[in-house]
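Notes for the structure review
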Amino acid sequence: IIMNVVKEAIATAISQGAPAYNRGRPDECYRIYKETGSGLLETGVVPTAEATVLKDALSAASQQSDPDAQAWTMRRAFDSILDGSAALRASISTQLASGATEFPIVSYDSAAAAASGPQWYAMDDVIMGGVSSSSAAYDAAEQALVFAGHVTTDSGGGFASVRSRPWAGWQSMGAAKGVRMTVKGDGRVYKLSLKCDDGYDGVQYQGDFATSGSGGYEEVALPFAHFTPNLRGRALTGVAPLQPQLVRQVGLMVSKFAAQGGTTPGFRSGAFRLALRSMRGFV
C-alpha cells in the first residue's frame, strides 16, 4: 500500500512536470519533481531503497546548475522507483554484502519465473531484405527460453535475432563484471547483444560465445570488458565502453558477422537452436 502511494505521487508529478519540460520550462519541471521528492521523504514512510534513491537524486540535482540536468536527474530517480529497479539494486547489494559472488538476472526454470521476466520479439534480417527467421519462447520441457529458427545468407541476409522489450531487470548488470549464462546450443557461435536505451536502432554492445553442441547444458561467461560496440553489423571504434548499469534491452543473435568484425567462425546457413536456462551476474 505504501509503495502504491509513493508511485501515485511520482506519477502525478511526472504528469505535471513532463508537460512543463516540453513547453521549454525545465526549471518548472524540476521544481515539481523536487517538491514531490522532498515531500515524500518528509513523510518518513518511503521504503529504504526508494528513499535512498530520492535522497541521492535530490543531492545530485542541488549541485547542478542547469535546470535541464536537474529535471533529468530527478526523472531518472523517479523512473527507477516506478519500474522497480531501485528495489532490485538494493536486493542485489544485500546479496553481495553477505558474500555472494553471483546474483540472478533472469531465469527460465519455471513458468512463473519466465512470466516475470522480459518479453521477446524477433528482429531478423528481413529488415534488410533477407529471409532468415526466428522466434523465442519459454519451453516448459526444457525449462528454458528457446531461441530457434533458420538463418541464411540468401537475398543478402545473414542473421537472425530476438530482442527483449525494455526491462528494468537488465539494469542489475551494473553490479556485475559480466554475465554467466546456462545454455544448450548446437555447436554454433552466438552473440549476446546489450542496448543501453529504449530505441529500435542504434549502437549495441555485443559479445560472441561458442556452444559445444554436446546435447547438454553448459556455462558460458562473458565479461563486459570484452563486449564490442556495433552498429548494424559493423564493429565501431571511438565509442565509449559499455555501461552495464544502463542496459535496457538484451538480444540473442546468430550471424555471419562476428562481434569484433569479420566473419563468425564456422557460420553456416540452416536451422539453429539455443536454449537459455538462466543468466546471472558475476562480480
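Look a little higher up for the structure.
Residues numbered from 1 in each chain as written. Predicted model: local features only at pLDDT ≥ 70, side-chain atom pairs only at ≥ 80, totals over all residues. Heavy atoms only, no water.

**A few points about helix 1 (residues 2-22)**
Test applied: Secondary structure elements are taken from DSSP: a helix is a run of H or I of four residues or more, a strand is a run of E of two residues or more, and numbering for both begins at the N terminus. The span one expects for a helix is its residue count, reduced by one, times 1.5 Å. To sort residues, take the accessible area from a 1.4 Å probe on protein chains only and compare it with the maximum for the residue type: under 20% means buried, over 50% means exposed, and anything in between is partly exposed. A contact between two residues is defined here by any heavy atoms of the two lying within 4.5 Å.
Between its first and last C-alpha atoms helix 1 spans 30 Å; for 21 residues at 1.5 Å apiece the expected length is 30 Å, and the two agree. When helix 1 is considered as a whole, its buried residues turn out to be Val 6, Ile 10, Ala 13, Ile 14, Gly 17 and Ala 20. Of the surrounding secondary structure, the elements contacted by the buried residues of helix 1 are helix 2 (26-43) and helix 4 (67-82). Just downstream of helix 1, Gly 24 is the residue with a positive phi angle, here 90°.

**With respect to the pairing of strand 3 (residues 133-139)**
Regular strands show a simple pattern: their side chains alternate between the two faces of the sheet. Just so we agree on the cut-off: For two strands to pair, DSSP has to find at least two bridges joining them.
Strand direction decides the pairing type here: strand 3 and strand 4 (residues 144-151), joined by seven bridges, are antiparallel. Looking at strand 4, one finds that Ala 136 is bridged to Phe 147. Hairpin connection between strand 3 and strand 4: a loop of four residues separates the two successive antiparallel strands, and Gln 143 in this loop has a positive phi of roughly 50°.

**Observations concerning the packing of aromatic side chains**
Selection rule: Between 30 and 60 degrees the pair is tilted, below 30 it is stacked and above 60 it is edge-to-face, where a pair is any two Phe, Tyr or Trp rings, Trp via its six-membered ring, whose centres lie within 6.5 Å. In our convention, an over-ring charge means Lys NZ or Arg CZ found within 6 Å of a ring centre and within 35 degrees of that ring's normal.
Tallying each qualifying case throughout the model produces nine aromatic pairs. Here Phe 224 and Phe 227 contribute two aromatic rings whose centre-to-centre distance is 6.0 Å and whose plane-to-plane angle is 55°, an arrangement assigned as tilted. Under the relative-accessibility criterion, Phe 227 is labelled buried at 8%. If you follow Arg 165 out to its NZ or CZ, it ends over the ring of Tyr 121, 4.1 Å from the centre. A cation sits over an aromatic face here: Arg 277 above Tyr 217, 4.0 Å from the ring centre.

**Things to note about a nonpolar patch on the surface**
So the rule is basically this: Patch construction takes residues with relative accessible area above 30% that form no salt bridge. Like charges are linked within 9 Å, and nonpolar side chains (Val, Leu, Ile, Met, Phe, Trp, Tyr) are linked within 5 Å. A 1.4 Å probe and the Shrake-Rupley method give the accessible areas. Residues count as covered only by the protein chains that appear here. A pair is scored as a salt bridge if a Lys or Arg side-chain nitrogen falls within 4 Å of a carboxyl oxygen belonging to Asp or Glu.
A contiguous nonpolar surface patch, about 420 Å² in accessible area, is contributed by Val 126, Ile 127, Met 128 and Tyr 200. With a relative accessible area of 52%, Val 126 lands in the exposed category.

**Here we look at the side chain of Lys 191**
Selection rule: We count Lys and Arg on the positive side and Asp and Glu on the negative side, and we leave His and both chain ends out. Distance and chemistry together define a polar contact, namely a pair of N or O atoms within 3.5 Å, with one atom able to donate a hydrogen and the other to accept it when in protein, and with adjacent residues in sequence counting only for side-chain atoms on both sides.
Following the sequence through the fold, Lys 191 ends up in strand 7 (residues 189-195). Of the side chains bearing the opposite charge, Asp 208 lies closest to the buried Lys 191, which forms no salt bridge; the N-O distance is 5.2 Å. Within polar-contact distance, the side chain of Lys 191 engages the backbone oxygen of Phe 257 at 2.8 Å. The residues touching Lys 191, leaving out its near neighbours within four places in the chain, are Gln 206, Gly 207, Asp 208, Phe 209, Gly 251, Leu 252, Met 253, Ser 255, Phe 257, Ala 258 and Ala 259.

**Points about the nonpolar core**
Worth spelling out the cut-off: Only buried residues count toward a nonpolar core, which is a set of Ala, Val, Leu, Ile, Met, Phe, Trp, Tyr and Cys residues joined through side-chain atoms within 4.5 Å.
Among the nonpolar cores identified, the biggest contains 37 residues, and Trp 170, Met 173, Leu 192, Leu 194 and Met 279 are the most heavily contacted of them. Looking at this core, the element that brings in the most residues is strand 13 (residues 270-282), giving four residues. Not counting residues within four places of it along the chain, the set of residues in contact with Leu 194 comprises Met 173, Gln 204, Tyr 205, Phe 224, Phe 227, Leu 242, Val 247, Gln 249 and Val 250. Within the second largest apolar cluster, 23 residues are counted, among which are Ile 10, Tyr 33, Leu 58 and Ala 86.

**With respect to the sheet that holds strand 10 (residues 228-231)**
Read across the open sheet, the seven strands follow the order 2-5-12-7-8-10-11; overall the sheet is antiparallel. Looking at which strands have only one partner, the edges of the open sheet turn out to be strand 2 (120-122) and strand 11 (234-235). Sheet analysis places strand 7 next to strand 8 (residues 204-210), joined by six bridges and oriented antiparallel. Bridging across to strand 8, Lys 191 finds its partner in Asp 208.

**Focus on the packing of helix 1 against helix 2**
Stated formally: For every element, the axis is a line fit to its C-alpha atoms; helices are fit only across the contacting stretch, and the angle between N-to-C directions ranges from 0 to 180 degrees. Should an angle lie under 35 degrees it is considered roughly parallel, over 145 roughly antiparallel, and from 65 to 115 roughly perpendicular; all remaining angles are considered oblique. Classification used: nonpolar for Ala, Val, Leu, Ile, Met, Phe, Trp, Tyr, Cys and Pro, charged for Asp, Glu, Lys and Arg, polar for all others including Gly.
Close contact between helix 1 and helix 2 brings their axes to 7 Å; oriented N to C, the two are set at 170°. Between helix 1 and helix 2, the angle falls in the class roughly antiparallel. In contact with Val 6, Ala 9, Ile 10, Ala 13, Ile 14, Gln 16, Gly 17, Ala 18, Ala 20 and Tyr 21 of helix 1, helix 2 contributes Pro 26, Glu 28, Cys 29, Ile 32, Tyr 33, Thr 36 and Leu 40. Looking at the contact of helix 1 with helix 2 residue by residue, the class counts come to 13 nonpolar, three polar and one charged.

**Quick look at the side chain of Glu 50**
With respect to the helices and strands, the residue Glu 50 is situated in helix 3 (residues 48-62). Despite its burial, Glu 50 pairs with no opposite charge; the closest candidate is Lys 7, at 7.0 Å N-O. Discounting chain neighbours no more than four positions away, the residues touching Glu 50 are Met 3, Ile 81 and Ala 87.

**Topic: helix 5 (residues 85-97)**
How we decide: As used here, the arc belongs to the directions running from the helix axis to the C-beta atoms.
With 13 residues, helix 5 should reach 18 Å at 1.5 Å per residue; the first-to-last C-alpha distance of 18 Å fits that figure. Among the residues making up helix 5, those that are buried are Ser 85, Ala 86 and Ile 92. In an axial view of helix 5, the angular spread of the buried residues amounts to 125°, which keeps them on one side of the axis. Residues of helix 5 that are exposed and angled more than 90 degrees away from the buried face: Thr 94 and Ala 97.

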